[in-house]
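Structural overview for review
Below are the chains, spelled out letter by letter.
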Amino acid sequence: MHIRTLSTLECTKLLKANRVARLACARDGQPYIVTFYYAYADSRLYAFSAPGKKIDWMRVNPLVSVQVDEHTTAQGWKSVIVNGRYEELPDRIGHKVQLDHAWSLLSKHADWWEPGALKPIGASAAEHLPPVFFSIFIGEVSGREASEN
């Protein structure tokens, strides 16, 4: 097995080619990680979610990490880590252009709205609030690839 570092361009290509990632945030010293759907553009990952734990935590501590990976062969893989900053895109003046841009990028996929809009059965009425659109501004990106020799 050979492991090599991916270039910034290779990391960007992997981010563009995928839609599913893991988002890590932290609050009061406790990490939390969750799968989410995203769209990449302009050095940002755009996403949306129903209000809940990850949104609450990112509002308190906007510094996050994201991991995107691909399995390339039976034993090969590529993995990219993004360190960035959560930025909410509220539906109000001053954010309309960014919100419309996020909507446009995400809606290119037929099922784009499902992951962020669905709630578990038995969710409280408070959890059925309008979705929160947000972006992760990419501050740093790094990646690795493992391949068979």
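Everything below is about the structure printed above this text.
Report follows, based on the coordinates. Computed from a prediction, not measured in an experiment: that's the story for all the values here. Starting afresh in each chain, residues are numbered from 1 along the sequence in its written order. Whole-chain, interface and lining totals are the exception, using all residues; otherwise, since this is a predicted model, local features are given only for residues with pLDDT of at least 70 and side-chain atom pairs are given and counted only at 80 or more. As a rule here, side-chain values come from all non-hydrogen atoms in the structure, and water together with hydrogens is ignored.

1. Here we look at the environment of Asn18
Examined against the element boundaries, Asn18 turns out to sit in the loop between helix H1 (8-17) and strand S2 (20-27). Through-space distance from the C-alpha of Asn18 to that of Tyr37 is 9.0 Å; in sequence the pair is 19 residues apart. Note on contacts: a residue pair is in contact if any heavy atoms of the two residues lie within 4.5 Å. Not counting residues up to four positions away in its chain, the partners in contact with Asn18 are Tyr38, Val68, Asp69 and Glu70. Polar contacts involving the side chain of Asn18 include one to the side chain of Glu70, which spans 2.9 Å. We count a stretch as a helix when DSSP gives it H or I for four or more residues in a row; a strand needs E for two or more, and each element gets its number in order from the N terminus. Definition of a polar contact: a pair of N or O atoms within 3.5 Å, with one able to donate and the other able to accept a hydrogen when the atoms are protein atoms, and with sequence-neighbouring residues admitted only if both atoms are side-chain atoms.

2. Side note on the side chain of Ser135
Structurally, Ser135 can be placed in strand S8 (residues 132-147). Judged by relative accessible area, which is 0%, Ser135 ranks as buried. At 3.0 Å, the side chain of Ser135 forms a polar contact with the side chain of Arg44. Excluding anything up to four places from it in sequence, Ser135 contacts Arg44, Leu45, Tyr46, Arg85, Tyr86, Glu87 and Leu89. For the exposure calls, accessible area comes from a 1.4 Å probe over protein chains only, and a residue counts as buried if that area is under 20% of its type's maximum, exposed if over 50%, partly exposed in between.

3. Regarding H1
All buried positions along H1 are accounted for by Cys11, Thr12, Leu14 and Leu15. Down the axis of H1, the smallest arc covering the buried residues is 160°, so these residues share one side. Away from its buried face by more than 90 degrees, H1 exposes Leu9, Lys13, Lys16 and Ala17. Contact partners of the buried residues in H1: strand S4 (39-41), strand S5 (44-49), strand S6 (63-71), strand S7 (77-88) and S8. The arc under discussion is defined with respect to the helix axis, by the directions toward the C-beta atoms.

4. As for the pairing of S5
On a regular strand, each side chain points to the face opposite its neighbour's, so the side chains alternate between the two faces of the sheet. In terms of residue burial, S5 counts as a mostly covered element, since 6 of its 6 residues are buried. Burial along S5 is two-sided: Arg44, Tyr46 and Phe48 and Leu45, Ala47 and Ser49, pointing in opposite directions, are all buried. Paired strands, as defined in this entry, are two strands with at least two bridges between them according to DSSP. Sheet analysis places S4 next to S5, joined by 3 bridges and oriented antiparallel. Counterpart to Tyr40 in the pairing with S5 is Leu45.

5. Notes on the pattern of salt bridges
Charged atoms that come close allow side chains of opposite charge to pair. Salt bridge criterion: a side-chain nitrogen from Lys or Arg within 4 Å of a carboxyl oxygen from Asp or Glu. One pass over the structure, following the stated rule, counts 5 salt bridges. Of the charged contacts, one joins Glu10 and Arg4 as a salt bridge, the two residues approaching to 2.5 Å between their closest N and O atoms. By relative accessible area, which is 29% here, Glu10 ends up partly exposed. Residue Arg4 is classed as partly exposed on the basis of its relative accessible area, which comes to 30%. With a closest N to O distance of 2.6 Å, Asp69 and Arg22 form a salt bridge.

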